[in-house]
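# A closer look at the structure
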Amino acid sequence: MEVSTRLRIVREKYGLSQRELAKRAGVTNGTISLIEQNRVSPSVSSLKKVLEGLPMSLAEFFTFELTESKPSPFFEGDSLPNLGNEKIEFCLVGSGVKERNMCIMRERYQPHSDTGVEMLRHEGQEGGVVVRGELELTVGEETRVLKAGDAYYFDSSLPHRFRNLSDDICEVVSANSPPTF
């Protein structure tokens, strides 16, 4: 479902007008209107700012159940919502699970992609296993290239960055707690 439609449905489910959501999020109501009309496609950071007015995380936004259904413990690979983009896919396992205490993802890094120049930093711990390709991981001052079968685990408050320097796709299965997506 498009971001525009999802935002309108979620906003209405919370009983907020466009103006009220804009006020809570610290953006103009024109911003909310343009997104809902699908006239602009918000960046991840812009959408995150808008969702702070609900409050709702990006993962909750993309996995918010619009209809009531019985939860299943199984998730088809092609049904996992991608919380990333075309270059780096963050496919969330357990979307729609209420009160999820951890985040499990299948990550896919396209050749020569990375999480950005700015180092990531957030609450909790994270770990993962490279299942295909190679991934350069920097944690604090230490950098290492991990190959298929190699793993990592660290305190997420340390500055960190992920990069695929190779010409091949890299796949990782990761988890973090508490969930940041």
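Throughout this description, residue numbers start from 1 for each chain and increase along the sequence as written. Local features in this predicted model are restricted to residues of pLDDT 70 or higher, and side-chain atom pairs are both shown and tallied only at a pLDDT of 80 or more, whereas totals for entire chains, interfaces and linings draw on every residue. The basis for the side-chain values is all heavy atoms of the structure; hydrogens and waters are excluded.

### Things to note about the overall build of the protein chain
Cut-off, in case you're wondering: In this text, helices come from DSSP runs of H or I with a minimum length of four residues, and strands from runs of E with a minimum of two, each type numbered from the N-terminal end. Only protein chains enter the accessibility calculation, which uses a 1.4 Å probe. A residue is then buried if its area is under 20% of the maximum for its type, exposed if over 50%, and partly exposed in between. Residues are treated as being in contact if the distance between any of their heavy atoms lies within 4.5 Å. Charge counting treats Lys and Arg as positive and Asp and Glu as negative, with His and both chain ends excluded. A single reference atom marks each charge: NZ on Lys, CZ on Arg, CG on Asp, CD on Glu.
When helices and strands are counted, the protein chain shows five helices and eight strands. What you see in the protein chain, going N to C, is helices and strands ordered as α-α-α-α-α-β-β-β-β-β-β-β-β. Taking the principal axes of its C-alpha atoms as reference, the protein chain extends roughly 50 × 35 × 30 Å. Looking at the protein chain residue by residue over its 181 residues, the buried ones come to 35%. The contacts of the protein chain with a sequence gap of at least 6 include a subset with a gap of at least 24, amounting to 61%. Side chains of the protein chain give 22 positive and 27 negative charges; the mean places of these two sets differ by 7 Å.

### Examining the packing of aromatic side chains
As a reminder of what qualifies: Between 30 and 60 degrees the pair is tilted, below 30 it is stacked and above 60 it is edge-to-face, where a pair is any two Phe, Tyr or Trp rings, Trp via its six-membered ring, whose centres lie within 6.5 Å.
Inspection of every chain in the model, using the stated rule, returns four aromatic pairs. Taken together, Phe90, Tyr109, Tyr152, Phe154 and Phe162 form an aromatic cluster joined through their ring pairs.

### Notes on a nonpolar patch on the surface
Quick note on the threshold: The patches described consist of residues with a relative accessible area above 30% and no salt bridge, like charges being joined within 9 Å and nonpolar side chains (Val, Leu, Ile, Met, Phe, Trp, Tyr) within 5 Å. Surface exposure here means Shrake-Rupley accessible area, sampled with a 1.4 Å probe, where a residue is shielded only by the protein chains that are shown. By definition here, a salt bridge exists when the distance from a side-chain nitrogen of Lys or Arg to a carboxyl oxygen of Asp or Glu is within 4 Å.
On the surface, Val129, Val131 and Val173 cluster together to form a nonpolar patch covering roughly 220 Å² of accessible area. If you trace the backbone, Val131 turns up in strand S3 (residues 125-132).

### Some details on the environment of Val50
Mapped onto the elements of the fold, Val50 is located in helix H4 (residues 44-51). It is 9.4 Å that separates the C-alpha atoms of Val50 and Leu7, two residues lying 43 residues apart in sequence.

### Structural notes on the sheet that holds strand S6 (residues 151-155)
Under the convention used in this document: Following DSSP output, two strands are said to pair if at least two bridges run between them. What counts as an axis is a line fitted to C-alpha atoms, over the stretch in contact for a helix, and the angles between N-to-C directions run from 0 to 180 degrees.
A sheet is described by the order of its strands in space; here five strands give the open sequence S1-S2-S8-S3-S6, paired in antiparallel fashion. Two strands lie at the open edges of the sheet, namely strand S1 (88-93) and S6, each paired on one side alone. With strand direction ignored, the average angle separating the axes of adjacent strands in the sheet is 20 degrees. Of the strand pairs in this sheet, S3 and S6 are connected by five bridges, and their pairing is antiparallel. Paired with Gln125 across the two strands is Asp155, which belongs to S6.

### Topic: H4
As a reminder of what qualifies: Along the arc lie the directions from the helix axis toward the C-beta atoms.
Within the span of H4, buried status applies to Leu47, Val50 and Leu51. Viewed along the axis of H4, the buried residues span an arc of 95 degrees, placing them on a single side of the element. The inward-facing, buried residues of H4 abut helix H1 (3-13), helix H2 (18-25), helix H3 (29-36) and helix H5 (58-63).

### Regarding the nonpolar core
Defined as follows: Only buried residues count toward a nonpolar core, which is a set of Ala, Val, Leu, Ile, Met, Phe, Trp, Tyr and Cys residues joined through side-chain atoms within 4.5 Å.
In terms of nonpolar packing, the biggest core is built from 18 residues, with Tyr109, Leu135, Leu137, Tyr152, Phe162 and Val172 touching the most fellow members. At the level of elements, S1, strand S2 (103-109), strand S4 (134-139), S6 and strand S8 (170-177) are the ones that each hand at least two residues to this core. Beyond its immediate stretch of four places on either side in the chain, Tyr109 contacts Lys87, Ile88, Phe90, Thr115, Leu135, Phe162, Asn164, Asp168, Ile169, Cys170 and Val172. The next biggest cluster of nonpolar side chains, apart from the first, holds 14 residues, and it includes Val10, Leu16, Val50 and Leu58.

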